[in-house]
Amino acid sequence: MTALTSEKPNKLNIYLIALGLLGITVFSLLYQGVFFGLGATDHSVHIPIVKALNNPQLYANDLFVKTAPQYFTFFWRFVAFAARYLPLPPLFLILHIIFRLLWVVTIYYLARAWSLDRYSALLGVCFLITSKVFLNFSPLPEGLIHSEAAWPFLLLSM
C-alpha cells in the first residue's frame, strides 16, 4: 500500500496540508522573486512573439517573429489569447503563481508517493524552495516560461 492511500485523511489534515502548500507557494514567490520583461528568463524572445500574435502589424518585418508559427509550444499562443483581456505583467504574475502552486503540489505528491508522511513531504517541498541557499541552484524558474507550465504535468505523469 502506498503512502498516498495508507493514511485516512480527515478534513482538518487536508485543510492544513492545503494551507501549508499555499503558504510554501507564497513564500517561494517572495523568497525567489518574480521577474518580468527584458532580461527575465526568455521574455525578451517571448514577449514580442505574444504581442505579434495579437497584432501582426506590430513586427511586420521582423524575421524572428515570423518564425512564431513554427514555434515548438502552444503555451505562448494561450498567453497571447489571454493577453487580449489582461495586460501582460499581471497576466504573467497570475500564471506564474498558478504554475508555482502546481510545482509545489507536484513535488508534495511525489514525496508522498515515495512513502513519506504528510509533514515530511511538506518539509521536502520547503527544501526544494530553498535549494538555492544550499545548492546554489534552484529548479524553479524565476519568470514565467513554458517549461514551468509543462514540468508539473510531466512529473505527475510518472
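Now for a description of the structure that goes with this document. (Residues numbered from 1 in each chain as written. Predicted model: local features only at pLDDT ≥ 70, side-chain atom pairs only at ≥ 80, totals over all residues. Heavy atoms only, no water.)

As for the overall build of the protein chain
- The number of helices and strands found in the protein chain is eight helices and zero strands.
- Starting at the N terminus and ending at the C terminus, the protein chain contains elements arranged as α-α-α-α-α-α-α-α.
- Across the 158 residues of the protein chain, 39% fall into the buried class.
- Taking all contacts inside the protein chain whose residues are at least 6 apart in sequence as the whole, residues at least 24 apart take part in 71%. (Helix = DSSP H or I, 4+ residues; strand = E, 2+ residues; numbered from the N terminus. Buried < 20%, exposed > 50% of the residue type's maximum accessible area, 1.4 Å probe, protein only. Contact = heavy atoms within 4.5 Å.)

Description of the environment of Leu-122
- Looking at the secondary structure, you find Leu-122 in helix α6 (residues 118–129).
- Residue classification places Leu-122 among the buried residues on the basis of a relative accessible area of 13%.
- When the C-alpha atoms of Leu-122 and Leu-21 are compared, they prove to be 7.4 Å apart, with 101 residues separating the residues in sequence.
- Beyond its immediate chain neighbours, meaning those up to four positions away, Leu-122 contacts Ile-17, Gly-20, Leu-21, Ile-24 and Tyr-108.

A look at the layout of surface pockets
- Quantified by volume, the second largest pocket comes out at close to 150 Å³.
- Every residue along the wall of the second largest pocket is listed here: Ile-49, Ala-52, Leu-53, Pro-56, Tyr-59, Ala-60, Asp-62, Val-65, Lys-66, Ala-68, Pro-69 and Arg-77.
- Residue contributions to the lining of the second largest pocket peak at three residues, all from helix α3 (residues 43–54).
- Residue composition of the lining of the second largest pocket, by class: nine nonpolar, no polar and three charged. (1 Å grid on protein atoms, 1.4 Å probe; cavity = no way out; pocket = protein on both sides within 12 Å on 5 of 7 lines; lining within 4 Å. Points joined across faces, edges and corners; volume = space filled by probe spheres on them. Nonpolar A, V, L, I, M, F, W, Y, C, P; charged D, E, K, R; others polar.)

Notes on the nonpolar core
- Leu-21, Ile-24, Val-104, Ile-107, Tyr-108, Leu-122 and Val-125 are the most contacted members of the largest nonpolar core, which has 15 residues in total.
- Among the secondary structure elements, those contributing two or more residues to this core are α2 (11–32), α5 (88–113) and α6.
- Ranked by residues supplied to this core, first place goes to α5 with six residues.
- Formed by 14 residues, the second largest nonpolar core is a distinct cluster that contains Trp-76, Leu-88, Phe-92 and Phe-99. (Core = buried A, V, L, I, M, F, W, Y, C linked by side-chain atoms within 4.5 Å.)

Digging into the packing of aromatic side chains
- Using the criterion set out here, one finds five aromatic pairs in the structure.
- Arranged with centres 6.0 Å apart and planes meeting at 35 degrees, the rings of Trp-76 and Phe-92 form a pair that is tilted. Residue Trp-76 is found in helix α4 (residues 75–83), and its partner Phe-92 is found in helix α5; the two are separated by 16 residues along the sequence. For the residue pair Trp-76 and Phe-92, the accessibility class agrees, reading buried in each case.
- Where Tyr-108 meets Tyr-109, the ring centres are 5.3 Å apart and the plane angle is 80 degrees; that geometry is what we call edge-to-face.
- Taking relative accessible area as the criterion, Tyr-108 reaches 3% and is therefore assigned buried.
- Ring-pair connections join several aromatic residues into one group, and the members of that group are Phe-75, Trp-76, Phe-92 and Phe-99. (Phe/Tyr/Trp six-rings, centres within 6.5 Å; stacked < 30°, edge-to-face > 60°.)

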